[in-house]
There are 2 protein chains.
Amino acid sequence: MELTARKKEILKVVTERYIDAAEPVSSKYIAQAMGGSVSSATIRNELADLVEMGYLEQPHTSAGRIPSPKGYRLYVNELMERRKVSDQEAAEINSALQGKMQELDSVIAQAGQMVSSIVNYPAYAVAAGKSSVTVRRYDLLPVDTMSFIAVVMTDDSRVKSQLLRTELPVASEQLPALANLLNTHFTGIHTEELGTKLMALAPQLGAELFMPLSQTIEYATAVIDNSERSHVFTTGQSQIFRQPEFQDLSKADGLMSILTDQKSQLPVLDENTPMQILIGPENVSEALKDASVVVASYDIGDNMRGLIGVVGPTRMDYATVAARLSYFAESLTKMFGKNNQLPPKEDDIP
Amino acid sequence: MELTARKKEILKVVTERYIDAAEPVSSKYIAQAMGGSVSSATIRNELADLVEMGYLEQPHTSAGRIPSPKGYRLYVNELMERRKVSDQEAAEINSALQGKMQELDSVIAQAGQMVSSIVNYPAYAVAAGKSSVTVRRYDLLPVDTMSFIAVVMTDDSRVKSQLLRTELPVASEQLPALANLLNTHFTGIHTEELGTKLMALAPQLGAELFMPLSQTIEYATAVIDNSERSHVFTTGQSQIFRQPEFQDLSKADGLMSILTDQKSQLPVLDENTPMQILIGPENVSEALKDASVVVASYDIGDNMRGLIGVVGPTRMDYATVAARLSYFAESLTKMFGKNNQLPPKEDDIP
DNA sequence: TTTAGCACTCCTTTCCCTCGAGTGCTAAAC
DNA sequence: GTTTAGCACTCGAGGGAAAGGAGTGCTAAA
């Protein structure tokens, strides 16, 4: 059977109406929405065809129609108007971005939160990019004889610092030498090696130097391990309760647990794809078979990428979410391209 | 009417049973729980008295009894066994604390998360203490001619750093002088003054010095304003759905919004009170009239205090929550007293 | 190919009934 | 005076049965 233009138009009407009203769409409504040029009986014939072809479903014999995953897919691919965000939406997104991103460290988590509030669905955020982070540079700042500040800069451009207490006094004059030692031997290498290298150096050092060195390495290890890339941040979980399909706690349970306990099951995005929409059963994870996910990526530069995803019912408002999410991702990319470019790769520090 | 010992015992049985089972308690159950020394008819007489005195309520004529807020209050004040945490509980709490607190900066938020998982109710965390934070010290580290790292140490012992880009080249030799300038003129003063002081100094400086100075001050302002004290962190919101009284989404709505949107309405603790229990209508906030809150505080030292609260139904397990929360708060206080003492107040840095 | 007409389906809402846990009260026992 | 057995009564929960209605599927005519 052929998918005529009229069938497509009907599918579009059904999908958009169902997205809006969350209840099966009747032939009468469709006839009206199409301007009354055909009768509801004609629509019913077409609807029967569309069900047979697998684009629509009927909850029960005497009910209206709702889109099947296949129907949503066709809608997203062909029928949906790929609209741009309106000026007002753009203004809202920009004002949300305004001044929120001072802390480069927390970009990932922040982005997730903002997206959730922008699209009114739960969202998640994760870093994609370099698989392993190393320390690019150490600095040690004197505080007093029993403590100093360790500053660790990673090659994904995070700068972290912490006050460390020593057990033996350390003269502040020794700190530059220590920092030099660290920068010579402990940059650009992976976590595991940090420990072995430290052990290798141990015999050459007195306790008063070894201790702070070891503390700094320990801190650096924590910084690397705690890197945002390993975390999946989720926010706006409560938004799913606003969706009629998840009013029932038991229905929402699966989604809820994937958004809290099993975050790692949330889909990621293939490289070089700016945005992807996963509809219902297209999702790999069992808990997402009744949900849809829209994922987009943005560049933080220096081969760092951030990923943001939106989770909602299959009945999700794809047009709006896609428009807002891609605008948001583009804005972020632009933002980092302009003001926050990455530091140069080579260190030209003395 | 007098509150006899037997009435108190009955009240205790009713409260604990209701906390456990979440359904009205019958006279028959009480008679059994009290060892069968009296009949259920006797209990019924007593129950009628307790209702009249306002300690118990009856959902409807032919139902069992549940505690009223007044009943919970008496229970908490007089009847509840103020138990210590068991060895096993203590072990669990300690292992949760173990190694989690590296980042002094995020103590507050971490504490909230841990408490929520320890007590299985939603929790919130906020800082209480010094009303205004100032910068104690600045450091500027060279990266390249167009960027440097600003390290800001506040007098509540947070150390924050960020990479800043300059528009004009800055020779790395100038950074120590700049840092010196900052440490001389811009430490120990409030946010508003930072700006005015910067303006006052502007004429004496060339653009190549003024720009990075101004950027650093801007960053310092952000660090101060973004101080955790202004934030209320909430976690474990989904725990409230585990409570039968909040199965209904409409019931949970009020609590949910206070735990997400209107966090500032969550109660804080009077100074010098180690722990406080607020039952139902004792809460000021309307949305908490049907809920109870247990708040405790812990010391981070140097007149910094942290606050953690637990939110649950009035039917909350006060004995367990109170025991675990106070043990947790004490552990935190001890932890900071021992290992993480604050840096000295006077800076003895060159 | 379209459409009016109409029987049919099945969900939703409402009402009523039953069942049972639990009470309140009375009168007798302690 | 206090306790208790006995019993009628109350009220919510659960389970059909019935009514109502939106919407369909099919047939036959336009």
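Residues numbered from 1 in each chain as written. Chains lettered and ligands numbered in written order. Predicted model: local features only at pLDDT ≥ 70, side-chain atom pairs only at ≥ 80, totals over all residues. Heavy atoms only, no water.

Peer 1: Tell me about the overall build of chain A, and name the residues and values.
Peer 2: Looking only at helices and strands, chain A features 11 helices and 10 strands. Its C-alpha atoms give chain A a radius of gyration of 27 Å, clearly above 20 Å, the size a compact globule of 350 residues would have. Reported as C-alpha extents along the three principal axes, the dimensions of chain A are approximately 90 × 40 × 30 Å. By residue count, 52% of the 350 residues in chain A fall in the buried class. Taking the intrachain contacts of chain A between residues at least 6 apart in sequence as the baseline, contacts between residues at least 24 apart amount to 60%. For chain A, the accessible surface area stands at approximately 15,900 Å², while carbon and sulfur atoms represent 49% of it. Treating the 32 positive side-chain charges of chain A as one cloud and the 44 negative ones as another, the clouds have centres 8 Å apart. (Helix = DSSP H or I, 4+ residues; strand = E, 2+ residues; numbered from the N terminus. Rg over C-alpha atoms; globule rule 2.2 N^0.38 Å. Buried < 20%, exposed > 50% of the residue type's maximum accessible area, 1.4 Å probe, protein only. Contact = heavy atoms within 4.5 Å. Areas by Shrake-Rupley, 256 points an atom, 1.4 Å probe, with all protein chains shown as cover. Lys, Arg positive; Asp, Glu negative; His and termini not counted. Charge placed at Lys NZ, Arg CZ, Asp CG, Glu CD.)

Peer 1: Can you lay out the protein's contact with DNA strand C for me, pointing to particular residues and giving the numbers?
Peer 2: A:Ser39, A:Thr42, A:Thr61, A:Ser62 and B:Ser27 are the nearest of the 20 residues found near DNA strand C. At the protein interface, 80% of the atoms of DNA strand C within 4 Å belong to sugar or phosphate. Within the contact set of DNA strand C, a phosphate oxygen lies 2.9 Å away from a backbone nitrogen or oxygen of A:Ser39. The contact in question runs from a base oxygen of DNA strand C to an N or O atom on the side chain of A:Ser62, over 2.8 Å. (Near = heavy atom within 4 Å. Polar contact = N/O pair within 3.5 Å; in protein donor to acceptor, adjacent residues only side chain to side chain.)

Peer 1: So what about the environment of B:Ser292? Which residues, and what values?
Peer 2: Residues and elements named next belong to chain B. With respect to the element layout, Ser292 can be found in strand 9 (residues 291-301). Note on Ser292: relative accessible area 0%, which makes it buried. Taking C-alpha positions, Ser292 is 5.4 Å from Gly312, a pair spaced 20 residues apart along the chain. Among all residues touching Ser292, those that are not within four sequence positions of it are Leu278, Ile279, Gly280, Asn283, Val310, Val311, Gly312, Pro313, Thr314, Met316 and Tyr318. A distance of 2.7 Å separates a polar atom in the side chain of Ser292 from a polar atom in the side chain of Tyr318.

Peer 1: Any details on the sheet that holds strand 5 (residues 147-154) of chain A? Residues and values, ideally.
Peer 2: Residues and elements named next belong to chain A. Here 3 strands make up an open sheet; going across it, the order is 4-5-6 and the pairing antiparallel. What marks the edges here is a single partner per strand, and that holds for strand 4 (135-144) and strand 6 (159-165). Strand-to-strand twist in this sheet, taken as the mean axis angle between neighbours without regard to direction, amounts to 20°. Across 8 bridges, the pairing between strand 4 and strand 5 is antiparallel. When the bridges of strand 5 are listed, Arg137 appears paired with Met153. In the packing of helix 7 (residues 174-185) onto the sheet, contacts are made with strand 4 and strand 5, and the angle to strand 4 comes to roughly 165°. Contacts between helix 9 (residues 207-225) and the sheet are confined to strand 4, strand 5 and strand 6, with strand 5 contributing the most and set at about 40° to the helix. (Pairing = 2+ DSSP bridges. Axes fitted to C-alpha atoms, helices over the stretch in contact; angles between N-to-C directions.)

Peer 1: I'd like a description of the nonpolar core, backed by residues and values.
Peer 2: Nonpolar side chains tend toward joint burial in soluble globular proteins. With 57 residues, the main nonpolar core has A:Ile30, A:Tyr298, A:Tyr318 and A:Phe328 as its most contacted residues. Ranked by residue count, the leading element in this core is helix 11 (residues 318-338) of chain A, at 9 residues. If you look at the next biggest cluster of nonpolar residues, it comprises 55 residues, including B:Ala31, B:Met53, B:Val294 and B:Ala296. (Core = buried A, V, L, I, M, F, W, Y, C linked by side-chain atoms within 4.5 Å.)

Peer 1: Can you lay out the packing of aromatic side chains for me, pointing to particular residues and giving the numbers?
Peer 2: All names here are of chain B. Inspection of every chain in the model, using the stated rule, returns 3 aromatic pairs over all chains. A cation sits over an aromatic face here: Arg17 above Tyr29, 4.4 Å from the ring centre. Positioned over the ring face of Tyr55 is Lys70, at 4.6 Å from the centre of the ring. (Phe/Tyr/Trp six-rings, centres within 6.5 Å; stacked < 30°, edge-to-face > 60°. Lys NZ or Arg CZ within 6 Å of the ring centre and 35° of its normal.)

Peer 1: If you had to explain the protein's contact with DNA strand D to someone new, which residues and values would you point to?
Peer 2: The full set close to DNA strand D counts 21 residues, and A:Ser27, B:Ser39, B:Thr42, B:Thr61 and B:Ser62 are the nearest of them. Among the atoms of DNA strand D close to the protein, meaning within 4 Å, 80% are from sugar or phosphate groups. Between DNA strand D and the protein, one listed contact pairs a phosphate oxygen with a side-chain N or O atom of A:Arg65 at 3.0 Å. Taking B:Arg6, its side chain carries an N or O atom lying 3.1 Å from a phosphate oxygen of DNA strand D. If one sorts the elements of the surface near DNA strand D by residue count, helix 3 (residues 40-53) of chain B sits on top with 4 residues.

Peer 1: Account for the environment of A:Ala319, with residues named and values stated.
Peer 2: All names here are of chain A. Here Ala319 lies in helix 11. Spatially, the C-alpha atom of Ala319 lies 43 Å from that of His190, the residues being 129 residues apart in sequence. Other than its neighbours up to four places away in sequence, Ala319 contacts Met80, Glu81 and Arg83.

Peer 1: Could you give me a rundown of the packing of helix 8 (residues 191-201) of chain A against helix 9 of chain A, with the residues and numbers involved?
Peer 2: When two helices pack together, their arrangement is captured by the angle between the axes and the distance separating the axes. All names here are of chain A. Two numbers describe how helix 8 lies on helix 9: the axes approach to 10 Å, and their chain directions differ by 170°. Relative to helix 9, the element helix 8 is oriented roughly antiparallel. On the side of helix 8, the interface is formed by Thr191, Leu194 and Leu198, while helix 9 contributes Phe210, Leu213, Ser214, Ile217, Thr221, Ile224 and Asp225. Each residue belonging to the contact of helix 8 with helix 9 can be placed in one class, and the counts come to 6 nonpolar, 3 polar and 1 charged. (Parallel < 35°, antiparallel > 145°, perpendicular 65-115°, else oblique. Nonpolar A, V, L, I, M, F, W, Y, C, P; charged D, E, K, R; others polar.)

Peer 1: How would you summarise the sheet that holds strand 6 (residues 159-165) of chain B if you had to cite specific residues and measurements?
Peer 2: All names here are of chain B. The 3 strands are arranged 4-5-6 in an open sheet whose pairing can be described as antiparallel. Strands at the two margins of the open sheet, each flanked by one partner only, are strand 4 (135-144) and strand 6. Averaged over all neighbouring strand pairs, the angle between strand axes comes to 20°, with direction disregarded. Strands strand 4 and strand 5 (147-154) of the sheet are contacted by helix 7 (residues 174-185), whose axis makes an angle of about 165° with strand 4.

Peer 1: Pulling in residues and values, what's your account of the side chain of B:Gln239?
Peer 2: Position of B:Gln239 among the secondary structure elements: in the loop between strand 7 (232-235) and helix 10 (249-260). On the accessibility criterion, B:Gln239 (15% relative accessible area) is buried.

Peer 1: With reference to specific residues and values, describe the environment of A:Pro67.
Peer 2: All names here are of chain A. If you trace the backbone, Pro67 turns up in strand 2 (residues 66-67). Residue Pro67 is classed as buried on the basis of its relative accessible area, which comes to 4%. For the pair Pro67 and Met153, spaced 86 residues apart in sequence, the C-alpha separation works out to 51 Å. In contact with Pro67, other than residues within four places in its own chain, are Val14, Thr15, Tyr18, Tyr55, Leu56, Glu57 and Tyr72.

Peer 1: Any details on the pattern of salt bridges? Residues and values, ideally.
Peer 2: Within the structure shown, the criterion is met by 18 salt bridges over all chains. For B:Glu46, the salt bridge is made with B:Arg6, and the minimal N-O distance between the two is 2.7 Å. Here the residue B:Glu46 occupies a position in helix 3, and B:Arg6 occupies one in helix 1 (residues 5-21), the gap between them amounting to 40 residues. Overall, B:Arg6 belongs to the partly exposed group, its relative accessible area being 34%. The salt bridge partner of B:Arg73 is B:Glu282, with a shortest N-O separation of 2.5 Å. Of this pair, B:Arg73 sits in helix 4 (residues 69-79) while B:Glu282 sits in the loop between strand 8 (275-279) and strand 9, and the two are 209 residues apart along the sequence. Given the relative accessible area of 22%, B:Arg73 is considered partly exposed. When salt bridges that share partners are traced, they join A:Arg6, A:Lys7, A:Glu46 and A:Asp49 into one network. (Salt bridge = Lys/Arg side-chain N within 4 Å of Asp/Glu carboxyl O.)

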